[in-house]
Amino acid sequence: KKLKIVIGVLIVVIVVLGVLLYKKNSPTTVVNNQEEKKVAEAPLPITITNQTISEENFSGSKSVIAGVGSIADSARAYIADEVDSFKQSADEEVPAMREHFGDNAPTGKYEIFLKATYLKNSKVESIIIDHYVYTGGANGFSLYKVFNQSASTGKPLLLSDIVIPTKQEQFTKLIKTKLLSWTPEGLDTSPVFPEEVKALNFDSFANWSMDDKNLVIYFDKYAIGPGALGAVKFPVSLSEVKGLLSI
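Residues numbered from 1 in each chain as written. Predicted model: local features only at pLDDT ≥ 70, side-chain atom pairs only at ≥ 80, totals over all residues. Heavy atoms only, no water.

In this section: the overall build of the chain. In terms of helices and strands, the chain carries seven helices and eight strands. Buried positions account for 35% of the 247 residues belonging to the chain. Once local pairs closer than 6 in sequence are excluded, the contacts in the chain between residues at least 24 apart make up 55%. About 15,300 Å² of surface is accessible on the chain, with carbon and sulfur atoms providing 56% of the total. (Helix = DSSP H or I, 4+ residues; strand = E, 2+ residues; numbered from the N terminus. Buried < 20%, exposed > 50% of the residue type's maximum accessible area, 1.4 Å probe, protein only. Contact = heavy atoms within 4.5 Å. Areas by Shrake-Rupley, 256 points an atom, 1.4 Å probe, with all protein chains shown as cover.)

Turning next to the pairing of strand 1 (residues 47-54). As defined by bridge partners, strand 1 adjoins strand 2 (residues 58-66) across eight bridges and the pair is classed as antiparallel. Bridge pairing in strand 2 links N50 to S63. (Pairing = 2+ DSSP bridges.)

So, about the nonpolar core. In a soluble, globular protein the nonpolar side chains are often hidden away together inside. With 26 residues, the main nonpolar core has I162, F171, W208 and F219 as its most contacted residues. When residues of this core are traced back to their parent elements, those giving at least two are helix 4 (159-162), helix 5 (168-180), strand 6 (208-210), strand 7 (214-219), strand 8 (232-237) and helix 7 (238-241). I46, F58, I71 and V94 belong to the second-largest nonpolar core, a separate cluster that totals 23 residues. (Core = buried A, V, L, I, M, F, W, Y, C linked by side-chain atoms within 4.5 Å.)

Below, the discussion takes up unusual backbone geometry. One non-glycine residue, Y222, lies in the positive phi region at around 75 degrees. Looking at the element boundaries, Y222 is found in the loop between strand 7 and strand 8.

Right, let's talk about the environment of A80 for a bit. Within the fold, A80 resides in helix 3 (residues 70-101). It is 9.7 Å that separates the C-alpha atoms of A80 and V64, two residues lying 16 residues apart in sequence.

As summarised here, the arrangement of the three strands in space is 6-7-8, forming an open sheet in which the pairing is antiparallel. The sheet is open, and its two borders are formed by strand 6 and strand 8, each paired with just one other strand. Averaged over all adjacent pairs, the angle separating strand axes in this sheet is 20 degrees, with direction ignored. Pairing of strand 6 with strand 7, which is carried by three bridges, proceeds in the antiparallel orientation. Counterpart to M210 in the pairing with strand 7 is L215. (Axes fitted to C-alpha atoms, helices over the stretch in contact; angles between N-to-C directions.)

Turning our eyes to something else, we now look at the pattern of salt bridges. Under the counting rule described, the total for this entry stands at four salt bridges. The shortest N-O distance in the salt bridge between D91 and K87 comes to 3.0 Å. Here D91 pairs with K87, and both are found in helix 3, just four residues apart, close to one helical turn. The network of salt bridges with shared partners includes E55, K87 and D91. (Salt bridge = Lys/Arg side-chain N within 4 Å of Asp/Glu carboxyl O.)

Here is the structure:
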């Protein structure tokens, strides 16, 4: 009788072990493991939040960029470098000016604002950083910094990667012609400085982005016109540059 009980227990153990081994090696388990691996390897989406900066000698705000990819990495590095460099300048210059002019003088505190925007279409992903600094005087300085990558491969993109090499001169001429005839809403004449625009070359258009309708070129404050114009975001319809682009 005891022998029968022992044999029964062994049979149960063998059956349980067999079921466990089957589940471990079953196709369903393999598929689930592969799906979990894919989820783990999937790139994190790019998200942007803003963080207030409050230092002894300067204040402002900066964007905090989460996610992976060349543009996310480059934008994060750019923001970190700009804030660190600005802090160094503020810590060196502001205390002396504050002591000389007083705490309430315009030079009593520097300001920096770095606001990032994420843009994506079927071909290009971009992070556009609207960069403003104030270090005293009547006005601050504003500029744009843009990082682009291919939406399909994640490879960084320069303007030279999307404008056909033999069409770059034609592209440059088109942009300059449009700038010279540009009359923003509310103005009767173009606000740009003709000589500054005529001096532009293909490398002058290094900051750009693309949405579903336009290729947008970005210019720093004073680059093409008076300070009142500020940093310029200049859209060009994709239909106008269709034959000049490789994407």
